[in-house]
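Listed below, chain by chain, are the residues.
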Amino acid sequence: MSVETTPVHKKEKIAHTREFPPATPQPNVYPLSWENTTTKLQEIWEASQREYWDPEKLPWDTFDVSKFTWEQRESMAYWWTLLSVFDASAPPVFAAAFIKTYEVHEEDVVRRCFFSVTRDEQNHEQVCGLAITKLLEHPDPLTYEPKTDIGIRLQKNAKWLYYNGGRYWDGFKQAVPKYSLAVLFSSFLMGEMASATLFHQLAAGCTDLVFKEAFTKIGKDEGRHMAIVLTLMERDYPKLAQEDKEVITKQIRAGYLFLSAVLFEPPMEFWDLPEDFIANQREGEAYAREAGFAIPEYEIKKENWKKAMLNLKGVLDKYDTDFPAIPECGITGKEISDVDLDDIIPVF
Ligand SMILES: [Fe+2]
Ligand SMILES: [Fe+2]
């Protein structure tokens, strides 16, 4: 005896009733279209293909960790962990933006560019993992057993950074469908500008070949990401709505507070961190520098971060978008208060 099964919720078939299907409700996630109007992006895409690199093929065999003290190893690993708080969140963040380029039927070349950013960011995350694993002989800085006093204190720092960074993902997921790509770009640009500067400096100063090469390549990638965002801003910002501009101003302030943790020092009113956090981090940075890992000094970090903010201000001024006040860098502008980690569109 056969049992007849009637599938529930099955869409009624219509192909036998008409010659052509009805129009597919839009936006449908996949555009069957490869239109390109922003031709400048084609060059950037081609560069991303040419400049693609494999983190595993960096000269890791030249990197002899046994020449360092454990204080130096744990301190360098801490800095890679600090980078990872930002770099390990970039792949899912850009993957979400990449999906959005399909949902909104962006130009073909825009979809390709966002694909390249997602791919690059995944590379950057891999480098963090490879460096940490080599330095600590353990693949996870949070479950690693520190060997020195500074190692113990830096791991406590790392745990607090991880806790703080864990707070924005839900907010970001809500922000992606809510805001246009144009709004997201301003946050992206900020992260790319800041990281491009930082990585170029690390590349110039680091003495170990593997770090020099890694930072050179990462810095180059970030430069391309910046160019992608700037090109798209040029396309979209002249027709930006006033309400979008207000969101952007707030996002810049939020991005400043968020990214300060890696570009400068974490502002305590925004980050939830223990009192000894900054002292521990400074001590660790001194050990890392002594080992040839060229983390910029306080004043240089401050100067760079200020320069990046002024560059960003220059871009937004062109499009009549208010810049937030950033008194930390001596920049006057619109006062933005009540910024929380939940409001962040984090990118690096
Ligand atoms: Fe990156
Ligand atoms: Fe990037």
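Residues numbered from 1 in each chain as written. Chains lettered and ligands numbered in written order. Predicted model: local features only at pLDDT ≥ 70, side-chain atom pairs only at ≥ 80, totals over all residues. Heavy atoms only, no water.

Caption draft 1: Broad picture of the nonpolar core. Of all hydrophobic cores here, the largest spans 103 residues; its most connected members are Trp-80, Phe-211 and Phe-293. Broken down by element, the residue count for this core peaks at 14 residues, all from helix α7 (residues 181–205). Leave out the neighbours within four places in its chain, and Trp-80 touches Val-127, Cys-128, Ala-131, Ile-132, Leu-135, Phe-211, Phe-215 and Phe-293. (Core = buried A, V, L, I, M, F, W, Y, C linked by side-chain atoms within 4.5 Å. Buried < 20%, exposed > 50% of the residue type's maximum accessible area, 1.4 Å probe, protein only. Helix = DSSP H or I, 4+ residues; strand = E, 2+ residues; numbered from the N terminus. Contact = heavy atoms within 4.5 Å.)

Caption draft 2: Spatial organisation of the environment of Arg-282. Its place among the elements puts Arg-282 in helix α10 (residues 277–290). According to the relative accessible area criterion, Arg-282 is partly exposed, its value standing at 43%. The spatial distance from the C-alpha of Arg-282 to the C-alpha of Pro-267 is 15 Å, given a sequence separation of 15 residues. For Arg-282, the residues in contact, after removing those within four places along its chain, are Glu-265 and Tyr-298.

Caption draft 3: Representation of the coordination of the iron ion (ligand 1). Around the iron ion (ligand 1), the donor atoms from the protein are Glu-121 (OE), His-124 (ND1) and Glu-222 (OE), and they sit 2.0 to 2.3 Å away. Read in sequence order, the donor residues for the iron ion (ligand 1) give the motif E-x2-H-x97-E. In this structure, the iron ion (ligand 1) lies 3.6 Å away from the iron ion (ligand 2), the two metals sharing Glu-121 as a donor. You can see Glu-121 sitting in helix α4 (residues 108–136) and its partner Glu-222 sitting in helix α8 (residues 209–236), a full 101 residues away along the chain. (Donors = N, O, S within 2.8 Å, 3.2 Å for Na, K, Ca; no water.)

Caption draft 4: Looking closely at the packing of helix α2 (residues 70–87) against α7. For the pair α2 and α7, interaxial distance at closest approach is 14 Å and the crossing angle is 155°. The orientation of α2 relative to α7 falls into the category roughly antiparallel. Considering how the two elements wind past one another, α2 and α7 form a crossing that is left-handed. Taken together, the residues of α7 that come into contact with α2 (itself represented by Trp-79, Leu-83 and Asp-87) are Leu-198, Phe-199 and Leu-202. Residue classes in the contact of α2 with α7 are distributed as five nonpolar, no polar and one charged. (Axes fitted to C-alpha atoms, helices over the stretch in contact; angles between N-to-C directions. Parallel < 35°, antiparallel > 145°, perpendicular 65-115°, else oblique. Left-handed = near helix turned anticlockwise from the far one by under 90°. Nonpolar A, V, L, I, M, F, W, Y, C, P; charged D, E, K, R; others polar.)

Caption draft 5: Here's a closer look at the coordination of the iron ion (ligand 2). The protein atoms that coordinate the iron ion (ligand 2) are Glu-121 (OE), Glu-192 (OE), Glu-222 (OE) and His-225 (ND1), at distances of 1.9 to 2.4 Å. The sequence pattern describing where the donors of the iron ion (ligand 2) fall on their chain is E-x70-E-x29-E-x2-H.

Caption draft 6: Region of interest: unusual backbone geometry. The omega angle of the peptide bond from Gln-26 to Pro-27 is 0°, so this bond is cis rather than trans. Within the secondary structure layout, Pro-27 lies in the segment before α1 (40–50). At His-105, a position not held by glycine, the phi torsion is positive, near 55°. If you trace the backbone, His-105 turns up in the loop between α3 (90–103) and α4.

Caption draft 7: Up close: a nonpolar patch on the surface. Taken together, the side chains of Val-29, Tyr-30, Leu-32, Trp-34 and Ile-99 make up a nonpolar region of the molecular surface, amounting to roughly 590 Å² of accessible area. Along the chain, Tyr-30 turns up in the segment before α1. (Patch = residues over 30% accessible without salt bridge, like charges linked within 9 Å, V, L, I, M, F, W, Y side chains within 5 Å. Areas by Shrake-Rupley, 256 points an atom, 1.4 Å probe, with all protein chains shown as cover. Salt bridge = Lys/Arg side-chain N within 4 Å of Asp/Glu carboxyl O.)

Caption draft 8: How the structure looks around α3. The terminal C-alpha atoms of α3 lie 20 Å apart, and with 14 residues this matches the ideal 20 Å at 1.5 Å per residue to within 8%. Buried residues of α3: Ala-90, Pro-91, Val-93, Phe-94, Ala-97, Phe-98, Lys-100 and Thr-101, and no others. Directly after α3, the chain includes His-105, whose backbone phi takes a positive value near 55°. (Expected span 1.5 Å × (residues − 1).)

Caption draft 9: Spotlight on the pattern of salt bridges. Inspection of every chain in the model, using the stated rule, returns 22 salt bridges. With a closest N to O distance of 2.7 Å, Arg-235 and Asp-236 form a salt bridge. Relative accessible area serves as the criterion here: at 13%, Asp-236 is assigned to the buried category. Taking the shortest distance from any N to any O, the salt bridge between Arg-253 and Glu-328 comes out at 2.9 Å.

Caption draft 10: Structural context of a negative patch on the surface. Taken together, the side chains of Glu-243, Glu-246, Asp-320 and Asp-322 present a region of like negative charge at the surface. Note that Asp-322 resides in the segment after α11 (298–318). Look at Asp-322 and you get partly exposed, because its relative accessible area is 45%. (Lys, Arg positive; Asp, Glu negative; His and termini not counted. Charge placed at Lys NZ, Arg CZ, Asp CG, Glu CD.)

Purely geometric numbers; function is a separate question.
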